[in-house]
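Architecture at a glance
The chain contents come next:
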Amino acid sequence: MKKIALLFVATLFSVASFAQTKYNVDTYHSFLNFSVGHMGISFVDGKMDKYEGSLELDGENITTAKFNFKIDVNSVNTGIEMRDKHLLAADFFDAANHKDITFVSTSVKKNGKAYKLNGNLTIKGITKSVTFDLVYGGLLKDDGQGNQKVGFQATTTVDRTAFGINYDPTGAGIAKDVKFTVNLEFTKTK
């Protein structure tokens, strides 16, 4: 009986030691931005305004982080209404048939002072493995509200044609490579 009790205590300790803290993205302090070359001489910048995301993390061990995001394609915003409507059409995001962009992480690995965030990105129903350069901003308790917060910046570049966004497939007018810069702040769930 004593061995069973010790095994039970050891199991509980192991589970508690690896317990993940859950966070939700703070949309008031997070930004999902993109930039794409235009005609080889300039860039068009935009953002996605509606999204939800979660993070599971064991303390400050960033290599345990699990990110999960869903972005509303209809929230694309470049500041030009006519361009935004075109981005929602079948030439680009095909929002009538593909309402969400999703990202689910598969691993986080230390890379010098930063990290490599690996995961599966799905756009237009096509899923591809992508790697973000991830910078850990820190973890703190918000004195004003008493909430535990954690912050990151993630950047990557993807080939839009790999996700079926084939408008101007040569990339002469609209570059194939799209750079994403994602500034994230998460709040611990209560």
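That block above? That's the structure.
Quick caveat: nothing in here was measured; it's all calculated off a predicted structure.

A closer look at the overall build of the chain
Broken down by element type, the chain carries two helices and 11 strands. Counting from the amino terminus, helix and strand elements in the chain follow one another as α-β-β-β-β-β-β-α-β-β-β-β-β. Dimensions of the chain along its principal axes, counting C-alpha atoms only, are 70 × 35 × 35 Å. Taking all 190 residues of the chain together, the buried fraction comes to 34%. Look at the contacts in the chain between residues 6 or more apart in sequence, and 55% of them connect residues 24 or more apart. Approximately 11300 Å² of the chain is accessible, and the part contributed by carbon and sulfur atoms is 57%. Across the chain, 23 positive and 20 negative side-chain charges occur, with their mean positions spaced 8 Å apart.

Comments concerning the nonpolar core
Core analysis: the largest hydrophobic core is formed by 41 residues, its most contacted members being Leu55, Phe67, Leu134 and Phe186. For this core, the leading source of residues is strand β5 (residues 61-72), giving five residues.

With respect to unusual backbone geometry
Where the residue is not glycine, phi is negative for most of them; where a peptide bond is considered, it is trans in most cases. Even without a glycine there, the phi angle at Lys124 is positive, about 55 degrees. One can find Lys124 in the loop between β8 (114-123) and β9 (126-141). Backbone geometry at Asp168 places phi at a positive 55 degrees, although glycine is not the residue there. By secondary structure assignment, the location of Asp168 is in the loop between β10 (148-159) and β11 (174-188).

Here's the deal with the packing of aromatic side chains
In this structure the tally under the stated criterion is eight aromatic pairs. On the numbers, 6.4 Å between centres and 75 degrees between planes, the contact of Phe152 with Phe186 is edge-to-face. Placement of Phe152 in strand β10 and of Phe186 in strand β11 is noted, with a sequence separation of 34 residues between them. Just as Phe152 is buried, Phe186 falls in that class too. Here the aromatic residues Tyr51, Phe67, Phe69, Tyr136, Phe152 and Phe186 are joined through ring pairs into a cluster of three or more.

Examining the pattern of salt bridges
According to the stated counting rule, one finds five salt bridges in the structure shown. A salt bridge links Glu81 to Lys85, with the shortest nitrogen-to-oxygen separation between them at 3.5 Å. Here Lys85 and Glu81 lie together in helix α2 (residues 81-88), a separation of four residues that amounts to about one turn. When its relative accessible area of 57% is taken as the criterion, Glu81 is described as exposed. In this structure, Glu185 and Lys149 form a salt bridge, with 3.4 Å as the shortest nitrogen-oxygen distance. With Glu185 in strand β11 and Lys149 in strand β10, this pair connects stretches of sequence that are 36 residues apart. Overall, Glu185 belongs to the partly exposed group, its relative accessible area being 24%. Lys149 sits in the buried class, given a relative accessible area of 11%. Among the ionic contacts, a cluster of salt bridges with common partners joins Asp26, Lys149 and Glu185.

Parameters and conventions
Residues numbered from 1 in each chain as written. Predicted model: local features only at pLDDT ≥ 70, side-chain atom pairs only at ≥ 80, totals over all residues. Heavy atoms only, no water. Helix = DSSP H or I, 4+ residues; strand = E, 2+ residues; numbered from the N terminus. Buried < 20%, exposed > 50% of the residue type's maximum accessible area, 1.4 Å probe, protein only. Contact = heavy atoms within 4.5 Å. Areas by Shrake-Rupley, 256 points an atom, 1.4 Å probe, with all protein chains shown as cover. Lys, Arg positive; Asp, Glu negative; His and termini not counted. Charge placed at Lys NZ, Arg CZ, Asp CG, Glu CD. Core = buried A, V, L, I, M, F, W, Y, C linked by side-chain atoms within 4.5 Å. Phe/Tyr/Trp six-rings, centres within 6.5 Å; stacked < 30°, edge-to-face > 60°. Salt bridge = Lys/Arg side-chain N within 4 Å of Asp/Glu carboxyl O.

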